[in-house]
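The primary structure of each chain is shown beneath.
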Amino acid sequence: RTQVAGAGAGGLVLVGSWGASRRRGRLRRGLTRAFVIDAIRSRWTAPGGYREFLVIAFPMILSTASWSIQHFVDRVFLTWYSTDALAASLPAALTNFVFVSLFLGMAGYVNTFVAQYTGAGRSGRVGPSIWQGAYLALISAGVGLLVAQLATPIFDLVGHDAAVRSNEVTYFRILCYGIGPLTLSTAMSCFYSGRGRTWPVLYVNVAATAFNIVVDYVLIFGHWGAPEMGMRGAAWATVGSATFTTLLFALLLMRPSYQREFAILSGWRFDRELFGRLLRFGGPSGLNFMLDILSFTLFVLIAGRIGRLELTATNLAFNINSLAFMPLIGAGIALSTMVGQRLGRDDPDAAEYCAWTGVHLALFYMGVMALAYTLLPDLFLLPYGVGAHGPEFDAARDLARQLLLYVAFYCVFDAVYMMFTAVLKGAGDTRFVMIASLLMGVGIMVAPPLIAVEWFDAGIFVVWFFICAYLVAGATAFYVRFRGGKWKRMRVIEA
């Protein structure tokens, strides 16, 4: 009886202890939840917090999402048109973008100049900054005409199937004619994005997207009396959309109040010193952008050397990933603007606070997209199958479904990579970004998969492993650079 009673008493002690432990666990969870909610509420309302970031970023995210929609619809139409057209579209577009990205990165860096001049209260230097971007666009237009003549030798060197190569040459050559308008519209959009007034950028891009979709549909398939132009129609629709965007921004910038405050018209003169600083800081930014695109382009071309099925599946996976990636570009522009404005008024601590705001929201967004790619891959592949059919497309879709698991893994690291890159560029630390991107792009994403395919006959999953490794390494490198704090002492505007 004594033993039983003792055992019963011990049981009561254990039950009581277990109940107290549960109460302590509930208390801890409640305190943690309250702490998180309070922290979110505090950062939401604070200067440089979530609300301010979203007010600037939301129109830019929708603007870059509109670019993504343009490319997405373009690829869907080409999928309906022919499998060869789809297979050719991404290599040709990426190869073209290698040349475009150099000038887009430099023209887009006008945003940092506008942001820092705005933060410093020197609005009269905004107009001249925009004009230096316009002079850069003139140079880019000439380069585009020259590069267009290299279309055939470039894709002969790539060595894809003859039917695919013919479409690649056509698409690439026409897209080169739009480099000038695209660069100019990018520079003019910085007048709004650099000052944190991003809604006009959204309105213009929505109008340009609608224009592009309609003209795409008409010219690719030959509707409403237009000739059926296929790949040529898709390319001319893209060039027309860039020109349309440029005209809309030009009309918006003609407001008399802009001339009085920002010297939009009177600042037209070529400023050698200002243009030199645009090249000094924007040049590495443009080269970094170009090297990133070049690395991805070479990656796609390497995948194409495995086979047409692998190339088509890679195209599908990258096109779907652009739905998540392109909004990050808009978020990065917004973060560069916020950081640049704080540094312009010599407040680096506030700039760091803004940086973490952008990182938090980008990680949340990409985490949601990663779950969607993992759990609902067929939802993203569905539009491609509406007008496409046959065993070739079915095999490509099945392979793309597996590649989306790789996308789901690396897109979280892509968020970190993009946001810390935006912070460093917003400060002027563009040379480090360029050098690091070059070393990692060649050393991780290009050389190893090329060796694996050419020497060891590696498959598509081995090749995709290296793109995951590249983004993990990039996210780590730029985080370490950010924590070092050197960017806080940098400025792109004159003292």
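The structure contained in this document is the topic of the report that follows.

Calculation notes
Residues numbered from 1 in each chain as written. Predicted model: local features only at pLDDT ≥ 70, side-chain atom pairs only at ≥ 80, totals over all residues. Heavy atoms only, no water. Helix = DSSP H or I, 4+ residues; strand = E, 2+ residues; numbered from the N terminus. Rg over C-alpha atoms; globule rule 2.2 N^0.38 Å. Buried < 20%, exposed > 50% of the residue type's maximum accessible area, 1.4 Å probe, protein only. Contact = heavy atoms within 4.5 Å. Lys, Arg positive; Asp, Glu negative; His and termini not counted. Charge placed at Lys NZ, Arg CZ, Asp CG, Glu CD. Core = buried A, V, L, I, M, F, W, Y, C linked by side-chain atoms within 4.5 Å. Patch = residues over 30% accessible without salt bridge, like charges linked within 9 Å, V, L, I, M, F, W, Y side chains within 5 Å. Areas by Shrake-Rupley, 256 points an atom, 1.4 Å probe, with all protein chains shown as cover. Salt bridge = Lys/Arg side-chain N within 4 Å of Asp/Glu carboxyl O.

### Some points on the overall build of the chain
Part 1: What the chain contains, in helices and strands, is 18 helices and zero strands.
Part 2: For 495 residues, the compact-globule formula gives about 23 Å, and the C-alpha radius of gyration of the chain, at 25 Å, lands near that figure.
Part 3: Reported as C-alpha extents along the three principal axes, the dimensions of the chain are approximately 100 × 60 × 45 Å.
Part 4: Relative to its 495 residues, the chain shows a buried fraction of 53%.
Part 5: Sequence separation of at least 24 residues holds for 83% of the intrachain contacts in the chain that already meet a minimum separation of 6.
Part 6: Taken together, the 39 basic and 27 acidic charged side chains of the chain have centroids lying 14 Å from each other.

### A closer look at the nonpolar core
Part 1: Residues Tyr373, Tyr410, Trp464 and Trp487 are the most contacted members of the largest nonpolar core, which totals 80 residues.
Part 2: The dominant element in this core, judged by the number of residues it contributes, is helix α16 (residues 391-427), at 20 residues.
Part 3: Among residues more than four places away in sequence, those in contact with Tyr410 are Phe318, Asn321, Trp464, Ile467, Cys468 and Leu471.

### Points about a nonpolar patch on the surface
Part 1: Taken together, Phe58, Leu62, Trp199 and Tyr203 make up a surface patch of nonpolar side chains, about 420 Å² in accessible area.
Part 2: Of all the elements in the fold, those that place two or more residues in the nonpolar patch are α2 (50-81) and α9 (199-221).
Part 3: Judged by its relative accessible area of 54%, Tyr203 is exposed.

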